[in-house]
2 protein chains.
Amino acid sequence: MTKIAIVGAGLIGRSWAYVFARAGMQVVVWDPEAAVLDRLDEDVCAMHARAGAHERAGDDPQGLPSRIRACPRLEDALDGADLVQENGPEVLDIKQSLFAELDRLAAPQTILASSSSALMASTFTQGLEGRARCLIAHPVNPPHLVPVVELCPTPDTDPDVMERAAVIYRDAQQVPVLLGREIDGFVLNRLQAVVLAESLRLISEGIVTPEGLDDTIRHGLGRRWAFMGPMETIHLNAPGGIQDYLERYGPTMARLSNDAARGEAFTADAARKAGADFSTDTREDIRARQEWRDGELAALDRHLLNRSANRS
Amino acid sequence: MTKIAIVGAGLIGRSWAYVFARAGMQVVVWDPEAAVLDRLDEDVCAMHARAGAHERAGDDPQGLPSRIRACPRLEDALDGADLVQENGPEVLDIKQSLFAELDRLAAPQTILASSSSALMASTFTQGLEGRARCLIAHPVNPPHLVPVVELCPTPDTDPDVMERAAVIYRDAQQVPVLLGREIDGFVLNRLQAVVLAESLRLISEGIVTPEGLDDTIRHGLGRRWAFMGPMETIHLNAPGGIQDYLERYGPTMARLSNDAARGEAFTADAARKAGADFSTDTREDIRARQEWRDGELAALDRHLLNRSANRS
């Protein structure tokens, strides 16, 4: 049976524990805070109850909580692990010392994967003896409701480690995307960044309201991207497919992207204008909306799973 | 009863006819090709049959085909129309002479809306007596399955015309997004352009495969954007909301967007690499995939309508 060690049991770490246990794997969870481990059972059961209607409950939903075990000593948590999913703070020197410790304690064949979104793995694995077994496995929050996971190597990562990690994530019913080489922001946040830059610009120049911007995506482009992605979308937008599309519309799209906003769009004024519709939200309102979002993500995942199961 | 004149009955024009008739409006369709008008009934009935399971059938689905009437004389088609939805070829001098004719023939209170995606309305309405009643109403293909419609004014468009048009599209169950001023590409294609530029770059540099790129969106960002849009997404990605998000992650996002690809990414080589996964598709395969896409768009629309009906 595949054994996973979760290092750091905040929101992302607990969601990862849930993902692997749901798929029938054995999960051991370590966190430097004893209090976090003390309430792990309770937190997992709450997550499980909320996700009850979710169709990705796995083959043995009753047994799920029993497959997640808290472990107060890091060395014990790592014992026999096939993969470590690290979810520490995004602070370089903390990551560096944590990875040094993981590399020292974990058996040589154990894969060391970091959930980091802001740091490239080479910045905290470069000097390690076991650097070839280190990679980024960047999820979307929360991973148990959004299946993609970006696998980003460093120049030192063994391609075989990438493949072995991909198999584990696939077995866990996630969708691993293997990157060919290390790049700042990976793929997902690079795409999010260009959309945010241009969105902030259009809003701050008064061309569209924040609500109009969101409507344009959620009632427009987002309808296609939710099940196809941008490449299949344009492949189906010209009679001869993607090459035909890029011959016809490439010059227009090139012109529009040449003229698009970049980093200069991230001003305090733009942030204020973009936030105008949300400015009365308290932290409690935001938490309530996050719960609503998670319910919608679960429902959409169920919908898309049902549809793809019916695809011939 | 609201009366709509459809000018140009290709794929988009027929879908528009369907949208307005579905909402109980009276629709008259004109096209320069007699053959297109001859088979209009048949085409509408086929669209109606395919969309049969669709929940946006309106109050009187049986009566829908009878609310769409082909009309061989443009002057008669425009008679008494509240709004003209123009769907001619995206060729400047054709648009110019068509709009001159529409402006000459239509009653002064009739709104003249163009489905154009590639041309700004000022380029073909500037000299017209009735330029204040002209605007772009840019749909996503096909409008009867994707509800957004971008309303883009020219410097001459009367704000009251924008509002009256918005009411008609809202009555037709579409989601109008009103732009504050004229801009090349409007909002939707500007956002699509920046995503395509960076996507083509990442693919052509071997950082991600076309399938991996699509997976990153459809199993990642697209899951959120399908029901929230980019602004609400980031609003829920920091404890203090969108302003908190932009303070924490704005500098990272600015750095990533500064470093992003632009127009230079639209090369023949990038097109070839992006199309590699699809290269064996014949035109027939593409048509079959388009039918699959339309079925998925209908199912997703149904899903999202049901969810929002349940939102408290």
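For clarity, every value in this text was computed on a predicted model and none was experimentally measured.

Calculation notes
For every chain, the first residue of the written sequence is number 1, and numbering continues from 1 onward in sequence order. Going through the entries in the order they are written, you letter the chains from A and number the ligands from 1. In view of the model being predicted, local features appear only for residues whose pLDDT reaches at least 70, and side-chain atom pairs are presented and counted only at 80 or more, with totals across whole chains, interfaces and linings using the full set of residues. The side-chain figures draw on all heavy atoms in the structure; neither hydrogens nor water molecules are used. A run of H or I in DSSP becomes a helix once it reaches four residues, and a run of E becomes a strand once it reaches two; helices and strands are each numbered from the N terminus. Within these notes, the globule rule equals 2.2 Å times the number of residues to the 0.38 power, and the radius of gyration is based on C-alpha atoms. Relative accessibility thresholds used throughout: buried, under 20% of the residue-type maximum; exposed, over 50%; partly exposed, between the two (1.4 Å probe, protein chains only). Note on definitions: a residue-residue contact is assigned when non-hydrogen atoms from the two residues lie within 4.5 Å. The protein chains shown are the only cover counted for residues, whose accessible areas, like all others here, come from Shrake-Rupley with a 1.4 Å probe. By the counting scheme adopted, Arg and Lys are positive, Glu and Asp are negative, and His together with the chain ends is not counted. Where a charge sits is defined by one atom per residue type, namely NZ (Lys), CZ (Arg), CG (Asp) or CD (Glu). Put simply, two rings from Phe, Tyr or Trp (the six-membered ring, in Trp's case) pair if the centres are within 6.5 Å, and we call them stacked under 30 degrees between planes, edge-to-face over 60, tilted for the rest. Buried area counts how much accessible surface, traced with a 1.4 Å probe, disappears from two parts once they are put together, with both parts' losses summed. The rule for a salt bridge is simple: a side-chain nitrogen of Lys or Arg has to be within 4 Å of a carboxyl oxygen of Asp or Glu. The definition of a polar contact used here is a pair of N or O atoms within 3.5 Å, where within protein one atom must be able to donate a hydrogen and the other to accept one, and adjacent residues in sequence count solely through side-chain atom pairs. Residue polarity is assigned by list, with Asp, Glu, Lys and Arg as charged and Ala, Val, Leu, Ile, Met, Phe, Trp, Tyr, Cys and Pro as nonpolar; anything else, Gly included, falls into the polar class.

*Asks:* Please explain the overall build of chain A as it appears in this structure.
*Replies:* When its secondary structure is counted, chain A shows 13 helices and eight strands. Relative to the 2.2 N^0.38 estimate, which gives 20 Å for 312 residues, the radius of gyration of chain A is 21 Å and therefore close to what a compact globule would have. The principal-axis extent of the C-alpha atoms belonging to chain A is close to 55 × 50 × 40 Å. Taken over 312 residues, chain A has a buried fraction of 60%. Nonlocal contacts in chain A, meaning residues at least 24 apart in sequence, comprise 68% of its contacts between residues at least 6 apart. Of the accessible surface of chain A, which amounts to about 12200 Å², a share of 48% is contributed by carbon and sulfur atoms. Both charge centroids of chain A, one from 33 positive and one from 46 negative side chains, sit 3 Å from each other.

*Asks:* What is the right way to read the packing of aromatic side chains from this model?
*Replies:* As enumerated under the stated definition, the model contains 13 aromatic pairs over all chains in all. An aromatic cluster is present here, built from Trp 16, Phe 20 and Tyr 169 of chain A joined pairwise through their rings.

*Asks:* What is the right way to look at the interface of chain A and chain B in this model?
*Replies:* When the parts of a complex come together, some accessible area is lost, and that lost area is often used as the size of the interface. Across the contact, 109 residues belong to chain A and 109 residues belong to chain B. Together, the buried faces of chain A and chain B total about 10500 Å²; carbon and sulfur atoms form 66% of this surface. Summed over the three residues of chain A that lose the most area to chain B, namely Arg 223, Met 231 and Arg 262 of chain A, the buried surface amounts to 7% of that side. If you look at where chain A meets chain B, you find 16 salt bridges. Here Arg 223 of chain A ties to Asp 301 of chain B by a salt bridge, and the two come within 2.8 Å at their closest N and O atoms. Counting across the interface, chain A meets chain B through 42 residue pairs in polar contact (both at pLDDT 80 or more). Elements with a contribution of two residues or more to the side of chain A that touches chain B: strand S7 (148–152), strand S8 (175–178), helix H8 (188–204), helix H9 (210–225), helix H10 (229–235), helix H11 (242–258), helix H12 (268–274) and helix H13 (283–310) of chain A. By residue class, the composition of the side of chain A that touches chain B is 55 nonpolar, 27 polar and 27 charged.

*Asks:* Got a minute to help me understand the environment of Met 47 of chain B in this structure?
*Replies:* Residues and elements named next belong to chain B. As for its placement among the helices and strands, Met 47 is situated in helix H3 (residues 40–50). Judged by its relative accessible area of 7%, Met 47 falls in the buried class. Taking C-alpha positions, Met 47 is 8.2 Å from Ser 15, a pair spaced 32 residues apart along the chain. Beyond its immediate chain neighbours, meaning those up to four positions away, Met 47 contacts Arg 14, Ser 15, Tyr 18 and His 144.

*Asks:* What is the right way to read the environment of Cys 45 of chain A from this model?
*Replies:* Here Cys 45 of chain A lies in helix H3 (residues 40–50). Counting along the chain gives 20 residues from Cys 45 of chain A to Pro 65 of chain A, while the straight-line C-alpha distance between them is 6.7 Å.

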